[in-house]
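Chains, contacts and geometry: an overview
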Amino acid sequence: MKRPEIILPDYKNCIANLPNSILKKFNAEPRGDSLPLLDRYLTRDYKNIIVFLLDGMGKVILERHLSEHGPFRSHLAGIYTSTFLSTTTAATTSVMSGLQPCEHSWLGWDCYYPEVDKNVTTFLNVEQGTKNQAADYNIAQTLTPYENVVDRIKRHGGQAYLEAPFADRSIKDFRTLCDRVQAHCDKPGQKYIYAYWNQPDSALHGNGCSSKVVKRVLKRSEANITRLVKELAEKNEDSLIIVTADHGHIDNRQVWLRDYPELYACLEREPSLEPRVLNLFIKKEKEDFFAREFTRTFGEDFDLLPMEEAISRGLFGRKTPHPRFSSMLGNYIAIAKGDLSIMTVDEEFKSMHGSLTEDEMLIPLIVFDTTSDSFHKPAN
């Protein structure tokens, strides 16, 4: 099997930059660099600027399942990168805040919080691998809070909306999500609308990257967004519709860490973050042994780095880190470079994400402009 290409996050051209282009457009102070790929479409004013984020729809997934002559790929404005980690927690927090992962510290599905000495599933506020509440308060929101872009625009006097199943459980299907977006578009005044959908990510995890289920999910999303674009154009609603993703996916092999007791015994606590990027607290007296044994066992599939090296290379971002950032990280990090995932809980997934392969890191920026009959190409 050919070794996947490794793509490093480009914090001048990644999902964390997109919201800063939006903030700049609405005269709300950006949190960092904007996205040049999007800025060139924002030189004119629109009544509605809409961002659809389709979880997991990376470049490779898009190309595998949708026709190059169909609406999405024929309106492709460019390819850019996810964050590190290339996972929903880190990347969608960046797209909602304009911050790099080191700044917001929502780094992976499970994060270590030293204040409670627990690995916490950030979005669910439960202890890693369980359904047990981690605390009687929301740990991630309390210890690592951030202001989202919608609230920031509102605070600066603008009009902005967020629509997502996690924000409103009555949104059960993608058609409903699109209808919610359209209802906001019909309101007077210039506005920003952020719409998140949890597919094709869920279908990918359960069925794999080449599944017909994934194809159906993507074609349905493409059809519904195309319908929305046409209806906005027919109403002469001056709108820019941006479709993007937080990360891609890679079909994976899985092993369980518990099956390697000599390695497991070297750890102070369970690894956190993701099965494809492991945050490791290794006992000081066991570091040399662990490094040798891990490299011997997994060296073909993972790079084991001192955490200081990963931070100095800017993998998590290059801005001033959150005060809690370093305390959440161990002394080593293991980063997948092939298709192997190292599981710490009893789950099986056909495909995964989180690491630095091309399949996981590259995401599309798709742009529809209702004022144009065809793909709006800005002047160079």
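The model shown is predicted, which means the values in this text are computed figures rather than measured ones.

The rules we used
- Residues numbered from 1 in each chain as written.
- Predicted model: local features only at pLDDT ≥ 70, side-chain atom pairs only at ≥ 80, totals over all residues.
- Heavy atoms only, no water.
- Axes fitted to C-alpha atoms, helices over the stretch in contact; angles between N-to-C directions.
- Helix = DSSP H or I, 4+ residues; strand = E, 2+ residues; numbered from the N terminus.
- Parallel < 35°, antiparallel > 145°, perpendicular 65-115°, else oblique.
- Left-handed = near helix turned anticlockwise from the far one by under 90°.
- Contact = heavy atoms within 4.5 Å.
- Nonpolar A, V, L, I, M, F, W, Y, C, P; charged D, E, K, R; others polar.
- Buried < 20%, exposed > 50% of the residue type's maximum accessible area, 1.4 Å probe, protein only.
- Polar contact = N/O pair within 3.5 Å; in protein donor to acceptor, adjacent residues only side chain to side chain.
- Core = buried A, V, L, I, M, F, W, Y, C linked by side-chain atoms within 4.5 Å.

**Let's talk about the packing of helix H9 (residues 174-185) against helix H11 (residues 212-234)**
Relative orientation of the contacting elements H9 and H11 amounts to 20°, with a least axis distance of 10 Å. With respect to H11, the axis of H9 lies roughly parallel. The chirality of how H9 crosses H11 is right-handed. Taking contact as the criterion, the partners of Phe174, Arg175, Cys178, Asp179, Val181, Gln182 and Cys185 in H9 are, on H11, Ser221, Asn224, Ile225, Arg227, Leu228, Glu231 and Leu232. Tallied by class, the residues present in the contact of H9 with H11 amount to seven nonpolar, three polar and four charged.

**Some thoughts on the side chain of Asn148**
If you trace the backbone, Asn148 turns up in the loop between helix H7 (139-143) and helix H8 (149-155). What makes Asn148 buried here is its relative accessible area of 16%. Among the polar contacts made by the side chain of Asn148, one reaches the main-chain amide nitrogen of Val150 at a distance of 3.0 Å.

**Observations regarding helix H5 (residues 88-97)**
Most of H5 is tucked away, with ten of its ten residues classed as buried. Those residues of H5 lying buried are Thr88, Thr89, Ala90, Ala91, Thr92, Thr93, Ser94, Val95, Met96 and Ser97. Those residues of H5 that are buried are in contact with helix H1 (18-25), strand S1 (48-54), helix H6 (101-104), H8, strand S6 (160-163) and strand S7 (191-197). Within two residues after H5, Gly98 carries a phi angle of roughly 80°, on the positive side.

**Focus: the nonpolar core**
Ranked by size, the top nonpolar core spans 66 residues in total, and within it Phe52 and Tyr192 carry the most contacts. Tallying contributions element by element places H11 first for this core, with seven residues. If we skip the residues at most four places from it in the chain, Phe52 touches Phe174, Leu177, Cys178, Val181, Ala195, Ile225, Leu228, Ile241, Ile242, Val243 and Thr244. Residues Ala134, Leu273, Phe316 and Phe325 belong to the second largest nonpolar core, which totals 33 residues.

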